[in-house]
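# Fold and contact review
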Amino acid sequence: MNALYRPGPLEYIPSFVKRKHGQETDHVRLGCVRRIFGRDLWHHGIPRAGDAALSQKLAGFTKGEADTLRKAMGKKKADLIAQMKPQFLTQGADE
């Protein structure tokens, strides 16, 4: 639960707790999502990692590329995000 204590996923903590105790179902239906993320990055249907780790895992970005994308998203730099999008989609298709 500590991994969820940050601005983005903070709102998912109540769902995480309910799912952990079987009071709510995990709505992730795609097995590939579970295989890609595994328990380290995705638990009870809620992403536990930040943008950088997810882009590394999804698109095969290096740590530097993932950090660049994270910063671009945080500062809403649409031009840089658009520049990185083809690489994200192309590299992500391999998984």
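Whatever comes next refers back to the structure up there.
To keep things clear, this report deals only with the structure shown in the data block.

Here is what the cut-offs are and how they apply
Residues numbered from 1 in each chain as written. Predicted model: local features only at pLDDT ≥ 70, side-chain atom pairs only at ≥ 80, totals over all residues. Heavy atoms only, no water. Phe/Tyr/Trp six-rings, centres within 6.5 Å; stacked < 30°, edge-to-face > 60°. Helix = DSSP H or I, 4+ residues; strand = E, 2+ residues; numbered from the N terminus. Buried < 20%, exposed > 50% of the residue type's maximum accessible area, 1.4 Å probe, protein only. Salt bridge = Lys/Arg side-chain N within 4 Å of Asp/Glu carboxyl O.

Considering all chains together, one arrives at one aromatic pair under this definition. Taken together, a centroid distance of 5.8 Å and an interplanar angle of 85° make the contact between Phe 61 and Phe 88 edge-to-face. A residue pair is termed long-range when its members are at least 10 positions apart, and Phe 61 in the loop between α3 (51-59) and α4 (63-74) and Phe 88 in helix α5 (residues 78-92) qualify at 27 residues. Since its relative accessible area comes to 4%, Phe 61 is described here as buried. We classify Phe 88 as partly exposed; its relative accessible area is 26%.

Turning our eyes to something else, we now look at the pattern of salt bridges. Under the definition given, this model contains three salt bridges. With a closest N to O distance of 2.6 Å, Asp 67 and Arg 70 form a salt bridge. With a gap of three residues between them, Asp 67 and Arg 70 both fall in helix α4, about one helical turn apart. With relative accessibility at 26%, the residue Asp 67 sits in the partly exposed group. Judged by relative accessible area, Arg 70 falls into the partly exposed class, the value being 36%. When the shortest N-O distance is used, the salt bridge between Asp 67 and Lys 71 registers 3.4 Å. Taken together, the positions of Asp 67 and Lys 71, both in helix α4 and four residues apart, correspond to about one turn of that helix. In this structure, a network of salt bridges that share partners links the residues Asp 67, Arg 70 and Lys 71.

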